[in-house]
Amino acid sequence: MQGGLGGLTAQENQAMRGQMAKMESQIVNTIKADLKDKIETKANYSLLVAQVNLPSAEAAKNLCFQLKQETSNLVCVLAFNAADKPGIAILIPEDLVKSHDWNAGKLVRDWGKYIQGGGGGQGFFATAGGKDLSGLPKVIAEAKVFFA
C-alpha cells in the first residue's frame, strides 16, 4: 500500500526513520566526545557551557542526559542550532537545584529572550526554542556568568 512520505510504504518509512535515528545518534556521539573535553571542574560540580550545532532539539535533550550519565554532578547548558532554529537546553543536578536554588525552567525563560523565544520545564531540566540564532552567544555569556 502506497502512502506516507514521498509515496513510500509504511515499512519503507519505518526503515528510513530508523536510518535517520541511527545517523542522529552517531552525530550526537561525535559531538559528545568533543564536549567532554570542555567540561570544567568547579568546587562541587562539573560545568559544561557550549554552543553546538545539532540535528534536532531532541538531540540536545539526549546529549544532556548522556553527558549526565558519564559525568558526576554535571551542570550542562547547551545553546544550540538545530536546522536553523535556535534552542537552549539546561540540565542541573537535583541536589544543586535545592542547595543553590538554581532552576533550569526559570533560566530558560530568562535566557530565551535572547533567541526571541521561550520555553520551560522543571527545576532540573528545561528547554527553550526561538527564532533568532544571533542570540546564542549571549546565552553562553549569561550562563558562564551565572555559573561562574
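Residues numbered from 1 in each chain as written. Predicted model: local features only at pLDDT ≥ 70, side-chain atom pairs only at ≥ 80, totals over all residues. Heavy atoms only, no water.

Draft legend 1. Examining the pattern of salt bridges more closely. Scanning the model with the defined rule gives 5 salt bridges in all. Note that Lys 42 is salt-bridged to Glu 40, the shortest N-O span being 3.5 Å. Accessibility expressed as a relative area gives 25% for Lys 42, which makes it partly exposed. Judged by its relative accessible area of 39%, Glu 40 is partly exposed. Linking Asp 110 and Lys 106 is a salt bridge whose minimum nitrogen-to-oxygen distance equals 2.8 Å. (Salt bridge = Lys/Arg side-chain N within 4 Å of Asp/Glu carboxyl O. Buried < 20%, exposed > 50% of the residue type's maximum accessible area, 1.4 Å probe, protein only.)

Draft legend 2. Focus on the confidence of the model for the chain. For the chain, per-residue confidence averages 91 on the pLDDT scale, and 96% of positions sit at 70 or higher. For the chain, helix α1 (residues 10-36) is the element with the lowest average pLDDT, namely 83, and strand β4 (residues 85-91) is the one with the highest, namely 98. (pLDDT = per-residue confidence, 0-100. Helix = DSSP H or I, 4+ residues; strand = E, 2+ residues; numbered from the N terminus.)

Draft legend 3. Region of interest: the side chain of Ser 46. Relative to the helices and strands, Ser 46 is located in strand β2 (residues 46-54). Given the relative accessible area of 11%, Ser 46 is considered buried. Among the polar contacts made by the side chain of Ser 46, one reaches the main-chain carbonyl oxygen of Ser 72 at a distance of 3.3 Å. Not counting the four nearest positions on each side in its chain, Ser 46 is found in contact with Ile 39, Glu 40, Thr 71, Ser 72, Asn 73, Leu 74 and Val 75. (Polar contact = N/O pair within 3.5 Å; in protein donor to acceptor, adjacent residues only side chain to side chain. Contact = heavy atoms within 4.5 Å.)

Draft legend 4. Unusual backbone geometry, seen in detail. Positive phi outside glycine occurs at Asn 73, with the angle close to 50°. Judged by its relative accessible area of 26%, Asn 73 is partly exposed. A positive phi angle, close to 60°, is found at Asp 101, a residue other than glycine. Mapped onto the elements of the fold, Asp 101 is located in the loop between α3 (94-100) and α4 (104-112). Residue Asp 101 is classed as exposed on the basis of its relative accessible area of 68%.

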